[in-house]
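Here is what each chain is made of, one letter per residue.
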Amino acid sequence: MVHQGGENVFSLFLVLLSVVLVTSPVVLAQDEDELPDLGLEFSGLVFDNVTEIDLFFTMVGDFTVIDEASGISGLLAYLWHIADLPDVKASKECLTDVWTLLTDTFQFKEYALQMRAANGNPPRLSSIYFTHRLKYLGNFELCVGVRENEEWGIPMNAHVCDMTAPPHNVVVGLCAPASCSAHDLNVIAYAVLDQYDTVYSAYFSCIPKSPWKWDSIFVMFILSVFAIAAMCGTAFELASSSRRKKETETTAAAAAEVTRVAAALHRDTSVDGGKSPAATAEDGEVSEGQPAETMIPLDGPGGQGVETAPSGTPQTRDSTALVQKVILSFSVLLNGAGVLSAKKHKGNLGALNGMRVLSMWWIVWYHVVYFVPIAQRLDNPKLFYEGTASKTWFAITWQAPFAVDTFFVLSALLVTYLTLKQLDKSPEQAKRADYWAMFYVHRYIRLTPVYMICLGIFVSLLSPIGQGSTKSEFFAGGREICRSYWWTNLLYINNLVPYPGSVNLCMGWTWYLANDMQFYLLSPIFIILLFNEKTRKIGLIVLAAVTALSCIITAAVSGYWGYSVGNYQGNYNDRSLAFPPDADRNYAKPWCRIQAYTVGIFVGYILYRIKGKKVKINLALVLLGWVLALGTMATILFAMEGTSNIKPLPQWFAAIWLGLSRFFFAAAVGWVAFACVTGNGGPVDALLSWSAWLPLAKLNYCAYLLHPVVIFHFLLTKKAMFHYTTYEHIFYFWGCLVTTYLLSFFISLLVEVPVTTAEKVLLKRK
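Once a new chain begins, its residue numbering starts again from 1 and follows that chain's sequence as written. Predicted model: local features are reported for residues with pLDDT of at least 70 only, side-chain atom pairs are reported and counted for 80 or more only, and whole-chain, interface and lining totals are derived from all residues. Hydrogens and water are ignored here; the side-chain numbers use all heavy atoms of the structure.

Colleague: Where do I start with the sheet that holds strand β6 (residues 203-206) in this structure?
Modeller: With mixed pairing, four strands are arranged side by side in an open sheet as β3-β5-β4-β6. The open sheet has two free edges, formed respectively by β3 (135-136) and β6, since each of these has just one partner strand. Here strand β4 (residues 158-165) runs beside strand β5 (residues 170-177); their pairing, made up of eight bridges, is antiparallel. Each residue of the ladder has a partner; that of His159, found in β5, is Ala176. Here a strand pair is declared whenever DSSP counts at least two bridges between the two strands. Strands are runs of DSSP state E lasting at least two residues, helices are runs of H or I lasting at least four, and both sets are numbered from the N terminus onward.

Colleague: Teacher, can you tell me more about the nonpolar core here?
Modeller: A general trend in soluble globular proteins is that nonpolar side chains are found buried together. Ranked by size, the top nonpolar core spans 128 residues in total, and within it Met360, Ile457 and Tyr597 carry the most contacts. Broken down by element, this core gets its largest block of residues, 15 residues, from helix α13 (residues 350-374). In plain words, nonpolar cores are sets of buried Ala, Val, Leu, Ile, Met, Phe, Trp, Tyr and Cys residues tied together by side-chain atoms within 4.5 Å. For the exposure calls, accessible area comes from a 1.4 Å probe over protein chains only, and a residue counts as buried if that area is under 20% of its type's maximum, exposed if over 50%, partly exposed in between. Ranked by size, the runner-up nonpolar core spans 20 residues in total, among them Leu95, Cys161, Ile188 and Cys206.

Colleague: Explain the environment of Ile327 to me, please; I cannot follow it from the model alone.
Modeller: Turning to its location among the elements, Ile327 is positioned in helix α11 (residues 314-328). Separated by 97 residues in sequence, Ile327 and Ala230 have C-alpha atoms that sit 8.6 Å apart. Once you skip the residues sitting within four places of it in the chain, Ile327 turns out to touch Cys232, Gly233 and Phe236. We call two residues in contact whenever any of their non-hydrogen atoms come within 4.5 Å of each other.

Colleague: What exactly am I supposed to notice about the pattern of salt bridges here?
Modeller: Where charged atoms of side chains with opposite charge meet at close range, the side chains can pair. Any carboxyl oxygen of Asp or Glu within 4 Å of a side-chain nitrogen of Lys or Arg constitutes a salt bridge here. Overall, the coordinates contain 10 salt bridges when judged by the stated rule. Residues Arg446 and Glu752 are paired through a salt bridge, measuring 2.8 Å at the closest nitrogen-oxygen approach. Taken together, the positions of Arg446 in helix α17 (residues 433-461) and Glu752 in helix α27 (residues 726-762) put the pair 306 residues apart, joining distant regions of the chain. The shortest N-O distance in the salt bridge between Arg483 and Glu480 comes to 3.4 Å. With Arg483 and Glu480 both in helix α18 (residues 471-490) and three residues apart, the pair spans about one turn of that helix. A residue is classified by how much of its surface remains accessible, and Arg483, at 42% relative accessible area, is partly exposed.

Colleague: Please explain the packing of aromatic side chains as it appears in this structure.
Modeller: When we look at a pair of aromatic rings, we describe it by the centre distance and by the angle of the planes. The rule is short: rings of Phe, Tyr and Trp, with Trp giving its six-membered ring, pair when the centres are within 6.5 Å, and they are stacked under 30 degrees, edge-to-face over 60, tilted in between. The final tally for this structure, using the stated rule, is 50 aromatic pairs. Summarising the aromatic geometry, the rings of Tyr129 and Phe130 are spaced 4.9 Å apart at their centres and angled 85° between planes, so their arrangement reads as edge-to-face. Tyr129 sits in the partly exposed class, given a relative accessible area of 38%. With centroids separated by 5.2 Å and ring planes inclined at 90°, the aromatic side chains of Tyr560 and Trp561 adopt a geometry described as edge-to-face. A residue is classified by how much of its surface remains accessible, and Tyr560, at 44% relative accessible area, is partly exposed. The rule is short: NZ of Lys or CZ of Arg within 6 Å of the ring centre and within 35 degrees of the ring normal puts a charge over the ring. If you follow Arg443 out to its NZ or CZ, it ends over the ring of Tyr520, 4.4 Å from the centre.

Colleague: Please clarify how the state of the cysteines should be interpreted in this entry.
Modeller: Disulfides are covalent bonds that link the sulfur atoms of two cysteine residues. The definition used for a disulfide is geometric: two cysteine sulfur atoms within 2.5 Å. If you walk through the whole model with that rule in mind, you get four disulfides. Paired through a disulfide, Cys94 and Cys180 show a sulfur-sulfur distance of 2.0 Å. Across the S-S bond of Cys94 and Cys180 the torsion is about 95°, and the bridge reads as right-handed. Linking Cys94 in helix α5 (residues 92-106) with Cys180 in the loop between β5 and α9 (182-195), this pair joins segments that are 86 residues apart in sequence.

Colleague: Looking at this structure, how should I read the packing of helix α20 (residues 536-561) against helix α21 (residues 590-609)?
Modeller: Helix-helix packing is described using two parameters, namely the angle between the two axes and the distance between the axes. Axis definition: a line fitted to C-alpha atoms, limited for helices to the stretch in contact. Angles are taken between N-to-C directions and run from 0 to 180 degrees. In contact at an axis separation of 7 Å, α20 and α21 are set at 155° when each is read in the N-to-C sense. With respect to α21, the element α20 is oriented roughly antiparallel. Relative to α21, the crossing made by α20 is left-handed. Here Arg536, Leu540, Leu543, Val546, Thr547, Ser550, Cys551, Ile553 and Thr554 of α20 lie close against α21, whose contacting residues are Trp591, Cys592, Arg593, Ile594, Gln595, Thr598, Ile601, Phe602, Tyr605, Tyr608 and Arg609. Here the residues of the contact of α20 with α21 sort into 12 nonpolar, five polar and three charged. Geometric relationships in this document are graded by angle, where less than 35 degrees denotes roughly parallel, more than 145 denotes roughly antiparallel, 65 to 115 denotes roughly perpendicular, and other angles denote oblique. In a left-handed crossing the near helix is turned counterclockwise from the far helix by less than a right angle, and in a right-handed crossing that turn is clockwise. Residue polarity is assigned by list, with Asp, Glu, Lys and Arg as charged and Ala, Val, Leu, Ile, Met, Phe, Trp, Tyr, Cys and Pro as nonpolar; anything else, Gly included, falls into the polar class.

Colleague: How should the environment of Val219 be read in this particular structure?
Modeller: Relative to the helices and strands, Val219 is located in helix α10 (residues 214-272). Put simply, Val219 and Ile457 are 238 residues apart on the chain and 6.9 Å apart in space, counted from C-alpha to C-alpha. Look past the residues within four positions of Val219 in its chain and what remains in contact with it is Gly456, Ile457, Ser460 and Leu461.

Colleague: Whenever I open this one, α5 confuses me. Can you help?
Modeller: One turn of the α-helix equals 3.6 residues, which is why residues spaced by three or four share an orientation. A helix is expected to reach a length of 1.5 Å times the quantity of its residues less one. Here α5 spans 21 Å end to end across 15 residues, near enough to the 21 Å set by a 1.5 Å rise per residue. Listed as buried for α5 are Cys94, Leu95, Asp97, Val98, Thr100, Leu101, Leu102, Thr103, Asp104 and Thr105. Here a polar contact means two N or O atoms within 3.5 Å. Within protein one must be a hydrogen donor candidate and the other an acceptor candidate, and residues neighboring in sequence count only if both atoms are side-chain atoms. The backbone nitrogen of Glu93 lies 3.2 Å from a side-chain oxygen of the residue at the head of α5, namely Ser91. In the segment just after α5, Phe108 is the residue with positive phi, at about 65°.

Colleague: Help me out: how do you make sense of the confidence of the model for the protein in this one?
Modeller: When pLDDT drops low, the exact placement of atoms in the prediction is not to be read closely. Taken residue by residue, the protein gives an average pLDDT of 81. The fraction at 70 or more is 78%. Confidence per residue, as judged by the predictor, is encoded in pLDDT with a range of 0 to 100. Across residues 1-67, confidence stays below pLDDT 50; counting only partners more than four residues off in sequence or on other chains, it has 149 contacts. Contacts from residues 265-311, a stretch scored under 50 in pLDDT, to residues over four places away or in other chains number 57 contacts.

Colleague: Help me understand the side chain of Lys382, please; the structure alone is not making it clear to me.
Modeller: Locating Lys382 in the fold gives a position in helix α14 (residues 381-386). Neither His nor the chain ends is counted toward charge; the positive residues are Lys and Arg and the negative residues Asp and Glu. Buried Lys382, no salt bridge; nearest opposite-charge side chain is Glu386, N-O distance 4.3 Å. If near-sequence neighbours (up to four positions away) are discounted, Lys382 is found in contact with Tyr129, Phe130, Thr131, His132 and Gly387.

Colleague: Can you help me understand helix α16 (residues 402-425) in this one?
Modeller: Taking 1.5 Å of rise per residue, the 24 residues of α16 would be expected to cover 34 Å, and the 36 Å separating its terminal C-alpha atoms lies within 8% of that figure. Counting buried positions along α16 yields 18 of 24 residues, so the element is predominantly enclosed.

Colleague: Sorry, what's going on with the pairing of β5 here?
Modeller: Within a regular strand, side chains alternate between the sheet's two faces. Burial of β5 is extensive: eight of the eight residues sit out of reach of the surface. The pairing of β3 with β5 spans two bridges and is parallel. Within the sheet, the bridge partner assigned to Lys135 lies in β5 and is Val171. Following β4, the chain reverses through four residues before pairing antiparallel with β5; Asn169 in that reversal takes a positive phi of roughly 55°.

Colleague: What exactly am I supposed to notice about a nonpolar patch on the surface here?
Modeller: Nonpolar side chains (Val, Leu, Ile, Met, Phe, Trp, Tyr) are joined into patches within 5 Å and like charges within 9 Å, using only residues with over 30% relative accessible area and no salt bridge. Where accessible areas are quoted, they stem from the Shrake-Rupley method and a 1.4 Å probe; at the residue level, only the protein chains shown are allowed to cover. On the surface, a cluster of nonpolar side chains totalling about 700 Å² of accessible area is made up of Tyr727, Ile730, Phe731, Trp734, Val738 and Leu742. Mapping Ile730 onto the fold places it in helix α27. Among the residues examined, Ile730 registers a relative accessible area of 31% and is labelled partly exposed.

Colleague: Is there a simple way to explain the packing of helix α19 (residues 511-531) against α20 in this structure?
Modeller: With their axes 6 Å apart at the nearest point, α19 and α20 run at an angle of 145° to one another. For the pair α19 and α20, the sense of crossing is left-handed. On α20, the residues that touch Phe526, Leu529, Leu530 and Phe531 of α19 are Arg536, Gly539, Leu540, Val542, Leu543 and Val546. For the contact of α19 with α20, a count of residues per class yields eight nonpolar, one polar and one charged.

Colleague: So what exactly am I meant to see when it comes to unusual backbone geometry here?
Modeller: Leaving glycine out, the prevailing phi sign among residues is negative, and the prevailing peptide bond configuration is trans. In this model, Val497 is joined to Pro498 through a cis peptide bond whose omega is -5°. For Pro498, the location among the structural elements is in the loop between α18 and α19. Phi is positive for His132, close to 60°, though the residue is something other than glycine. In the Ramachandran plot, Tyr492 falls in the positive-phi region, its phi being about 60° despite a non-glycine side chain. The topology assignment puts Tyr492 in the loop between α18 and α19.

Next comes the structure, spelled out in structure tokens:
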């Protein structure tokens, strides 16, 4: 229930700050008879309503201080003395500009009215109650459009500041003189509020133009190095292609000439009965017309193209070829063709591409909504949470984190299947330490460089690009966290350090990469056991035991900390109150997540045993498998929608649900993968195996790293609030998705593909 008296006091407080202190007109006269005729134009442009005018005069009339030296009276005289207080210093330049702004507003000067119009509208408690909206941005472009210009009579620059007013933490955007820092506005606010002996307070934060700091410049330098390498590789490829084309034309012309001469000689021989006088070269000599260079194959990206190398010693030719291959690995033409190619290679498990891409899209669909309130940009939170978000169908959005379990299943499946196939060709490798060392080295080189580049883009490069409310504070906080814990990302332990950890640490969404790398480190244990015929049963037992143990640990941890499920938002006990509210106990911990990975290992092993071939399965069993898989997924996604926010489910049920839901979802995903690969997927396989998914699947890793970067930068530089509707969600999703994949394509061509290709060349890996 909103109390009228409380609303009046709160409105008085907001008007005091937004109208009197900064940008609304202040009349320093103490008698209403001294007021000029405001007229309809003034009241319409400057004041929102008569109540605001009354509140203004009530507040201004309380100040009777007169500064004899300056002749300033009323409120400004009091504010002027703030600058000389020994404990707090406020800029006199700021106070002078405030005075100028207030008097110019009363005189209807255009720049002052423009600054007034750029303010966010202070809310009433009734509007907060019915909308739950706590942020009211001003008009950013209108405010910063005020630039000092003597010719046009504009005496100051303007910038946008946010005023946050406890206890409700309402944020109102204000257009203030650029000479006023957040400190100056805080001093003014507290000084004025002190005169009213009020319990209310306020603090300001201004939207700065973030400078290019050393870390931003360093990231730009690294990207420039990769860009230069890409240009060199592309130029080399173009030059090589041109030279190959000329050599082909020359060879064709020489062949035509030889044919013509031979024909002529044949005619002469037939007439004279003599032999052809064509000269022949001795064995080992280079005959006329034979190139003095040896053609060597280049195994560059895309597997195409040859290059010429000067004749010489084998060592020289090998060294030259190696350098050429490394240079070509940065070619945008070759890498772009490779990434965009939808051609499937032999043995490609096509359906997995569609599963990976659609899971990625599901995560983006979820994050574009999930990040809006985090960025404080949601315009209608009450309507969203109590309306749209509470509908049953919206569970598809809230349950999107299960898509990460799909990633775990597919990652384990591919690692197991491909490694076992490789070991099948050369069984002795399973016993070689150098093979398993390279197994790890390749993975680290494959993932880490582009990971660190994306981390640099998020933490350092985006900070000076664009302006928006709380953007500077958001990226400054991220920078400080990453400065302290970037090494945990580099070592893939950011889900464990500092313990208990949080998904809100440096690039918080990369907790998945930490888990995946930790599981990858353990995967050879399972792979070796499953590869050796004598230990396969042991391998399956170990796999089942690890899966069961993970489910039990997850349920036990969830029960101990009192975690709830469904619509109930509280906990069953208060044990977690002793830790930060974002402390993670089960969401990103490997012992709680490995159950999905072990499912993928099992499916990969089964596909290896059947050699990835099509398998004819009884139609009834196939239908049963699909019914169970889809039914399991639907149950996990929608079962909790009928639960109460007031009366929770029994704690034992919640613990069991949290312990088993990820495993059963992973098992359902495993069936989909198995059925599609073995030819039992029907129309689902046709959709998931669509060749158009392949180029997008190649960009999935970069897309996972970059999609929150795109979303946060969009939201934090957004100059208006986000009003949620389903249509807004759809268009916002597609905009972020397309932008993410375009940026991913750029980073993939610049960093990911060149590094991977160069690593193959340098380490002579097939």
